[in-house]
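Results of the structural survey
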Amino acid sequence: MSTSIGHTFLYNLIILFIIIIFAFLSGTLSYYKAFKVNNRIVYIIEKYEGYNEFAKTEIETLLSNLGYSVESPNCKTDYKKMYLVDNFEYNYKYCVYIEEENPAKDQYFTYGVLTYMQIDLPLINMLNIPIFTRTNQIYKFTSTKPL
């Protein structure tokens, strides 16, 4: 009798260990995907020297090719002292924010990109964890403000 109880306890430990390992792998892969999307959006914004129509088109193409979630985001108007770029409607769950680094001299801008790490578990439903990345300084060469 005591050996059957001992084996049941050991099997429960093994099952618990496997569940914890798969949860860790699932979280790691979700974080990697969200971070990869974030970095590529930042690269596109820096490539087009700001968030404009060309950058938006390439970002939408990129996100459709990567299989990122198709949802309309609930973006706040400000996030970490940055303000939402709200001239475009998004098809995917990401937000773009802008911060004017030096308003007196008006020399450069910094953008921020907010994406979400999504974990869909059967018992917990959908879990969204935000991931935020800033661009490098994008220098302003004209007198027009970015979109």
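**Quick word on the overall build of the protein**
- Within the protein, the regular secondary structure consists of 2 helices and 6 strands.
- Counting helices and strands in the order they occur from the N terminus, the protein gives α-α-β-β-β-β-β-β.
- Counting all 147 residues of the protein, 35% fall into the buried class.
- In the protein, the share of contacts with a sequence separation of at least 24, taken over all contacts with a separation of at least 6, comes to 52%.
- In the structure as shown, the protein presents an accessible area of about 9,900 Å², 61% of it carried by carbon and sulfur atoms.

**Quick notes on the nonpolar core**
- Counting residues in hydrophobic clusters, the biggest one holds 27 residues, and the most contacted among them are Ile 41, Ile 45, Tyr 51, Ile 59, Leu 63, Tyr 94 and Tyr 111.
- Of all the secondary-structure elements, those providing two or more residues to this core are α1 (2-47), α2 (53-66), β3 (94-100) and β4 (108-121).
- Residues contacting Ile 45, with those up to four places away along its chain left out, are Gly 50, Tyr 51, Ile 59, Val 96, Tyr 111, Val 113, Thr 135 and Ile 138.

**Looking at the packing of aromatic side chains**
- In the structure shown here, the tally under the stated rule is 2 aromatic pairs.
- With a centroid separation of 5.9 Å and 15 degrees between ring planes, the pair formed by Tyr 31 and Phe 35 is classed as stacked. Taken together, the residues span about one helical turn, with Tyr 31 and Phe 35 both in helix α1 at a distance of 4 residues.
- The class of Tyr 31 is partly exposed, set by a relative accessible area of 42%.
- Judged by relative accessible area, which is 34%, Phe 35 ranks as partly exposed.

**Quick word on the pattern of salt bridges**
- Tallied over the full model, the rule gives 3 salt bridges.
- Among the salt bridges present, the one from Glu 60 reaches Lys 56, with a minimum N-O distance of 3.8 Å. On the criterion of helical spacing, the pair formed by Glu 60 and Lys 56 is a turn pair, its members being 4 residues apart in helix α2.
- The exposure class assigned to Glu 60 is buried, which follows from its relative accessible area of 10%.

Reading the values: rules and limits
- Sequence order as written defines the numbering, with residues in each chain counted from 1.
- With the structure being a predicted model, the display of local features is reserved for residues of pLDDT at least 70 and the display and counting of side-chain atom pairs for 80 or more, all residues being used for whole-chain, interface and lining totals.
- Processing note: side-chain calculations cover all non-hydrogen atoms of the structure and skip hydrogens and water entirely.
- The way it works is that DSSP assigns letters per residue, a run of H or I at least four long becomes a helix, a run of E at least two long becomes a strand, and they are numbered from the N terminus.
- Buried residues are those whose accessible area, probed at 1.4 Å on protein chains only, stays under 20% of the maximum for their type, while exposed residues exceed 50% and partly exposed ones sit between those limits.
- Residues count as neighbours in contact if any of their non-hydrogen atoms are within 4.5 Å of one another.
- To be clear on the numbers: accessible area is Shrake-Rupley with a 1.4 Å probe, and residue cover counts the displayed protein chains and nothing else.
- In this text, buried Ala, Val, Leu, Ile, Met, Phe, Trp, Tyr and Cys residues form a nonpolar core when linked through side-chain atoms within 4.5 Å.
- Aromatic rings from Phe, Tyr and Trp, with only the six-membered ring used for Trp, were paired whenever their centres fell within 6.5 Å, and each pair was classed as stacked if the ring planes differed by under 30 degrees, edge-to-face if by over 60, and tilted otherwise.
- Salt bridges, as used here, are contacts in which a Lys or Arg side-chain nitrogen is within 4 Å of a carboxyl oxygen on Asp or Glu.

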